[in-house]
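# Architecture and fold: a report
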Amino acid sequence: AKEHGDDVSAVDGLVADFVKARSNVGPHLYPDARPCIARLRAAGLKVGAVTNGNCEISQAGQDVSSLFDFSVTAADAGASKPSLAPFLMAAKQAGCHPSEVANSRPYFYFI
């Protein structure tokens with residue numbers, strides 16, 4: 001930013017504003033997502049969000065962040081899906097062996 005004559009003191013605030021806006025995913029959840037996740041958690045399963053994006057689940061609002069036990073971003077894992085790193089990190093955060101992890105996407109990554 002400085003190289004292009006922009007005010008660098010505003011960069012951190014702008015990035016924070018972008019991540020907050022990007023994390024507003026509640027309106028984009030499928031209608032059956034909340035009840036499905038609630039049933040999984042009621043059954044005693046850990047539910048996490050694993051994303052290649054820059055969404056911070058902790059900033060997604062209480063109605064979304066409370067759905068998940070944890071979240072893993074590509075930045076957290078140092079790699080994006082379909083690499084193993086995000087899934088291994090998710091297994092660790094869930095407190096289970098990677099063979100016990102299931103992915104609910106319409107396609108599956110096997111780890």
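Residues numbered from 1 in each chain as written. Predicted model: local features only at pLDDT ≥ 70, side-chain atom pairs only at ≥ 80, totals over all residues. Heavy atoms only, no water.

### Some words on the overall build of the protein chain
A count of helices and strands for the protein chain gives 5 helices and 2 strands. What you see in the protein chain, going N to C, is helices and strands ordered as α-α-β-α-β-α-α. Its C-alpha atoms put the protein chain at 55 × 30 × 25 Å along the principal axes. Counting over 111 residues, the protein chain shows a buried share of 24%. (Helix = DSSP H or I, 4+ residues; strand = E, 2+ residues; numbered from the N terminus. Buried < 20%, exposed > 50% of the residue type's maximum accessible area, 1.4 Å probe, protein only.)

### Some details on the nonpolar core
Formed by Val-25, Ile-37, Val-47, Ala-49, Cys-55, Ile-57, Ala-60, Val-64, Leu-67 and Phe-68, the largest nonpolar core amounts to 10 residues. Filtering out sequence-adjacent residues up to four positions away, Ala-49 remains in contact with Ile-57, Phe-68, Phe-70, Ser-71 and Val-72. Core analysis: the second largest hydrophobic core is formed by 5 residues, Phe-70, Val-72, Ala-77 and Ala-94 among them. (Core = buried A, V, L, I, M, F, W, Y, C linked by side-chain atoms within 4.5 Å. Contact = heavy atoms within 4.5 Å.)

### Some words on the pattern of salt bridges
Applying the stated rule across the entire model yields 2 salt bridges. Between Asp-63 and Arg-34 there is a salt bridge, and its shortest N-O distance comes to 3.0 Å. You can see Asp-63 sitting in helix 3 (residues 62–65) and its partner Arg-34 sitting in helix 2 (residues 33–42), a full 29 residues away along the chain. Under the relative-accessibility criterion, Asp-63 is labelled partly exposed at 45%. Between Arg-41 and Asp-69 there is a salt bridge, with the nearest N and O atoms lying 2.7 Å from each other. One end of the pair, Arg-41, is in helix 2; the other, Asp-69, is in the loop between helix 3 and strand 2 (70–73), with 28 residues separating them in the sequence. (Salt bridge = Lys/Arg side-chain N within 4 Å of Asp/Glu carboxyl O.)

### Considerations on the environment of Lys-20
Among the secondary structure elements, Lys-20 is positioned in helix 1 (residues 11–22). Residues Lys-20 and Pro-86, 66 residues apart in the sequence, show an inter-C-alpha distance of 22 Å.

### Some points on a nonpolar patch on the surface
A contiguous nonpolar patch, built from Val-8, Val-11 and Val-15 and spanning about 210 Å² of accessible area, is present on the exposed surface. Within the secondary structure, Val-15 is located in helix 1. Since its relative accessible area comes to 46%, Val-15 is described here as partly exposed. (Patch = residues over 30% accessible without salt bridge, like charges linked within 9 Å, V, L, I, M, F, W, Y side chains within 5 Å. Areas by Shrake-Rupley, 256 points an atom, 1.4 Å probe, with all protein chains shown as cover.)

### Describing unusual backbone geometry
A cis amide bond, omega 15°, links Lys-81 with the succeeding residue Pro-82. Mapped onto the elements, Pro-82 comes out in the loop between helix 4 (74–77) and helix 5 (84–94).

### A short note on the confidence of the model for the protein chain
Scored by pLDDT, the protein chain has a mean of 85; 93% of the residues are at 70 or more. The spread of mean pLDDT over the elements of the protein chain runs between helix 3, the lowest at 83, and helix 5, the highest at 94. Within the model, the stretch residues 107–111 combines pLDDT values under 50 with 10 contacts to residues more than four positions away or in other chains. (pLDDT = per-residue confidence, 0-100.)

### Things to note about the side chain of Thr-73
Tracing the backbone through its elements, the reader meets Thr-73 in strand 2. If we skip the residues at most four places from it in the chain, Thr-73 touches Thr-51, Gly-53, Cys-55 and Glu-56.

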